[in-house]
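What follows is the residue order along each chain.
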Amino acid sequence: MFGKSTWIKLPRNVLVGHGVVDQVGAAVEELSLAGRPLLVTSPSPDDIAGDRVRDQFDDVATTTVSDASFSAVGEVIEAAEAAEATFLVALGGGKPIDISKMAADELGLGFVSVPTAASHDGIVSGRSSIPEGDTRHSVAADPPLAVIADTELMANAPWELTTAGCADIISNYTAVKDWRLARRLKNVEYSEYAGALSEMTAEMLVDNAGSIKQGLEESAWIVSKALVSSGVAMSIADSSRPASGAEHLFSHQLDRIAPGEALHGHQVGVGSIMTEYLHTGEKGAWRDIRDALRAIGAPTTAAGLGIDDETVVQALTTAHEIRDRYTILAGGVSEEAAREVASFTGVV
Ligand SMILES: NC(=O)C1=CN([C@@H]2O[C@H](COP(=O)(O)OP(=O)(O)OC[C@H]3O[C@@H](n4cnc5c(N)ncnc54)[C@H](O)[C@@H]3O)[C@@H](O)[C@H]2O)C=CC1
Ligand SMILES: O=C(CO)COP(=O)(O)O
Ligand SMILES: [Zn+2]
């Protein structure tokens, strides 16, 4: 008898477009969410759009977070309880959205995701990415009930946030390669559908790279759609595997040893150049990845990340220690091999 089952959790409403931040109240009403929201944000997004969101509610509390951590999740839970909030609204980049996702899940409340930057593909996903000590957890949590991605807001955000989002998507190529490798070597569960969706998302972004330009609101539209699609791939897989392979381990390790130096998306992009080289060698597709990143103006070198060469080599040799996720890095690359890949690809 066929006994397999799956449960795919996805947002109910996704609004993408010019000025949709003014429809948060309408989206909440459509979801029949009643009572008092807690707005979870960080300082810049709060300055930029906090009042526009608050103005749509009669009664709303606000809390700001500064980092993605388990203690920040605890603080948001306390703030929600103190405010007697009945649902959460996350406004900002990846960090407030990840924290709200976990806090809402633990509180058993719904939450709405209002990204102010097209900088990462966690805007829709049913996962939160949270560092803890020497490791980094990919925590399952219910995805947002609604995603409200205002292309005008995103287009006015610093351009590097958009190029970071593009690089997070381009890194799907190597993430899926790592996932397939893990299926072949470790019998890791693999979803053809999620893998294909993730690759197609990267392909569509690269095909549209010519329209991704600073000052063009259409760029925010193209990138937001790709971020939604990549997040859906993660939800289908019930894992971040479709969008997070060895290039993400490299980035997570950089976050530990060089915190705050570069954006998540930019780090994974540079990581992807090197892990593609490890997958397919000198004549492989690493140049295509580098060229795609160049085309949208994302960094392709250690200097472009503002990180010194030695730190990049150190992150590459130790990235496999971050979590138990089988990738092309397997049990680790030697320092010599790391220097070779980083210098051959022009990263250092
Ligand atoms: N849960 C998931 O599936 C995923 C989670 N992530 C996580 O998301 C985080 C990375 O996301 P980021 O957005 O780069 O981090 P972030 O939330 O720290 O945002 C980066 C910076 O941009 C600022 N910002 C946001 N919108 C702005 C605007 N409109 N104007 C001016 N400044 C603005 C923020 O205040 C912050 O200083 C990482 O923690 C990463 O691990 C990334 C991908 C997927
Ligand atoms: O950043 C992610 C996908 O883009 C997911 O992060 P994790 O590597 O923590 O699962
Ligand atoms: Zn990512």
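Computed from a predicted structure; not experimentally measured.

**Looking at the UniProt feature "binding site: Zn(2+)" (unreviewed entry) in the protein chain**
Consideration 1: UniProt tags Asp 168, His 248 and His 264 as "binding site: Zn(2+)" (unreviewed entry). These annotated residues cover 97 residues of sequence, and their C-alpha atoms lie no more than 9.0 Å from one another, placing them together at a single site.
Consideration 2: One can find Asp 168 in helix H6 (residues 159-170).
Consideration 3: We classify Asp 168 as buried; its relative accessible area is 1%.
Consideration 4: Once residues lying within four places of it in the same chain are set aside, the contact partners of Asp 168 are His 120, Asp 121, His 248, His 264, Gly 265 and Val 268.
Consideration 5: Structurally, His 264 is set in helix H11 (residues 264-280).
Consideration 6: Judged by its relative accessible area of 25%, His 264 falls in the partly exposed class.

**Brief notes about the site of ligand 2**
Consideration 1: Around ligand 2 lies a shell formed by Asp 121, Ser 129, Ser 138, Asp 168, Met 234, Ser 240, Ala 243, Ser 244, His 248, His 252, His 264 and Arg 323.
Consideration 2: Note that an oxygen atom of ligand 2 is positioned 2.6 Å from one of the side-chain N or O atoms of Asp 121.
Consideration 3: Between ligand 2 and His 248, the relevant distance is 3.0 Å, taken from an oxygen atom to a side-chain nitrogen or oxygen of the residue.
Consideration 4: Coverage of ligand 2 by the protein chains reaches 93% of its 310 Å² of free accessible surface.
Consideration 5: Classifying every residue of the shell around ligand 2 by side-chain character gives 2 nonpolar, 7 polar and 3 charged.
Consideration 6: Looking at the shell around ligand 2, you find at least three residues from each of domain 1 (13-156) and domain 2 (159-344).

**Some points on the site of ligand 1**
Consideration 1: Taken together, the neighbourhood of ligand 1 is formed by 28 residues, with Asp 98, Thr 116, Ser 119, Arg 127 and Arg 136 sitting nearest.
Consideration 2: Separating an oxygen atom of ligand 1 from a side-chain N or O atom of Ser 119 is a distance of 2.6 Å.
Consideration 3: Arg 127 places a polar main-chain atom, nitrogen or oxygen, 2.7 Å from a nitrogen atom of ligand 1.
Consideration 4: Burial of ligand 1 by the surrounding chains reaches 85%, relative to a free accessible area of 860 Å².
Consideration 5: Counting residues per element, the ones that place at least two in the shell around ligand 1 are helix H2 (43-54), helix H4 (94-107), strand E6 (127-132) and H6.
Consideration 6: In terms of residue count, the dominant contributor to the shell around ligand 1 is H4 (5 residues).
Consideration 7: Classifying every residue of the shell around ligand 1 by side-chain character gives 9 nonpolar, 12 polar and 7 charged.
Consideration 8: When residues of the shell around ligand 1 are sorted by domain, at least three fall in each of domain 1 (13-156) and domain 2 (159-344).

**Topic: the pattern of salt bridges**
Oppositely charged side chains are able to pair whenever their charged atoms sit close together.
Consideration 1: Within this structure, the stated rule accounts for 17 salt bridges.
Consideration 2: As a salt-bridge pair, Arg 127 and Asp 238 come within 3.7 Å of each other at their nearest N and O atoms. In this pair, Arg 127 sits in strand E6 while Asp 238 sits in the loop between helix H9 (217-237) and helix H10 (246-257), placing the two residues 111 residues apart along the sequence.
Consideration 3: Residue class for Arg 127 comes out buried when judged on its relative accessible area of 12%.
Consideration 4: Across the salt bridge formed by Glu 276 and Lys 177, the nearest N and O atoms sit 2.7 Å from each other. Of the two residues, Glu 276 is situated in helix H11 and Lys 177 in helix H7 (residues 172-186); the sequence distance between them amounts to 99 residues.
Consideration 5: Owing to a relative accessible area of 1%, Glu 276 belongs among the buried residues under this scheme.
Consideration 6: Overlapping salt bridges, with partners in common, bring together Asp 46, Asp 51 and Arg 54 in one network.

**Remarks on the UniProt feature "binding site: glycerol" (unreviewed entry) in the protein chain**
Consideration 1: UniProt marks Asp 121, Asp 168, His 248 and His 264 with the feature "binding site: glycerol" (unreviewed entry), using the numbering shown here. Across 144 residues of sequence, these annotated residues stay compact in space, with a maximum C-alpha separation of 12.5 Å.
Consideration 2: Relative to the assigned elements, His 248 resides in helix H10.
Consideration 3: Of the residues examined, His 248 reaches a relative accessible area of 5% and is grouped as buried.
Consideration 4: Apart from the residues lying within four places of it in its own chain, the contact partners of His 248 are Asp 168, Ser 171, Ala 243, His 264 and Val 268.

**A closer look at the packing of aromatic side chains**
Consideration 1: According to the stated counting rule, one finds 5 aromatic pairs in the structure shown.
Consideration 2: With centroids separated by 5.8 Å and ring planes inclined at 70 degrees, the aromatic side chains of Trp 286 and Phe 344 adopt a geometry described as edge-to-face. Linking Trp 286 in helix H12 (residues 286-296) with Phe 344 in helix H15 (residues 335-344), this pair joins segments that are 58 residues apart in sequence.
Consideration 3: Clustering of aromatic rings is evident, with ring pairs tying together Tyr 277, Trp 286 and Phe 344.
Consideration 4: When the ring centre of Trp 7 is taken as reference, the NZ or CZ atom of Lys 9 above it lies at 4.8 Å.
Consideration 5: For Arg 183, the ring lying beneath its charged end belongs to Tyr 190, and the centroid distance is 4.5 Å.

The rules we used
- Residues numbered from 1 in each chain as written.
- Chains lettered and ligands numbered in written order.
- Predicted model: local features only at pLDDT ≥ 70, side-chain atom pairs only at ≥ 80, totals over all residues.
- Heavy atoms only, no water.
- UniProt positions renumbered as here; feature names shortened; annotations may be inferred.
- Helix = DSSP H or I, 4+ residues; strand = E, 2+ residues; numbered from the N terminus.
- Buried < 20%, exposed > 50% of the residue type's maximum accessible area, 1.4 Å probe, protein only.
- Contact = heavy atoms within 4.5 Å.
- Near = heavy atom within 4 Å.
- Polar contact = N/O pair within 3.5 Å; in protein donor to acceptor, adjacent residues only side chain to side chain.
- Areas by Shrake-Rupley, 256 points an atom, 1.4 Å probe, with all protein chains shown as cover.
- Nonpolar A, V, L, I, M, F, W, Y, C, P; charged D, E, K, R; others polar.
- Domains from an automatic or database assignment.
- Salt bridge = Lys/Arg side-chain N within 4 Å of Asp/Glu carboxyl O.
- Phe/Tyr/Trp six-rings, centres within 6.5 Å; stacked < 30°, edge-to-face > 60°.
- Lys NZ or Arg CZ within 6 Å of the ring centre and 35° of its normal.

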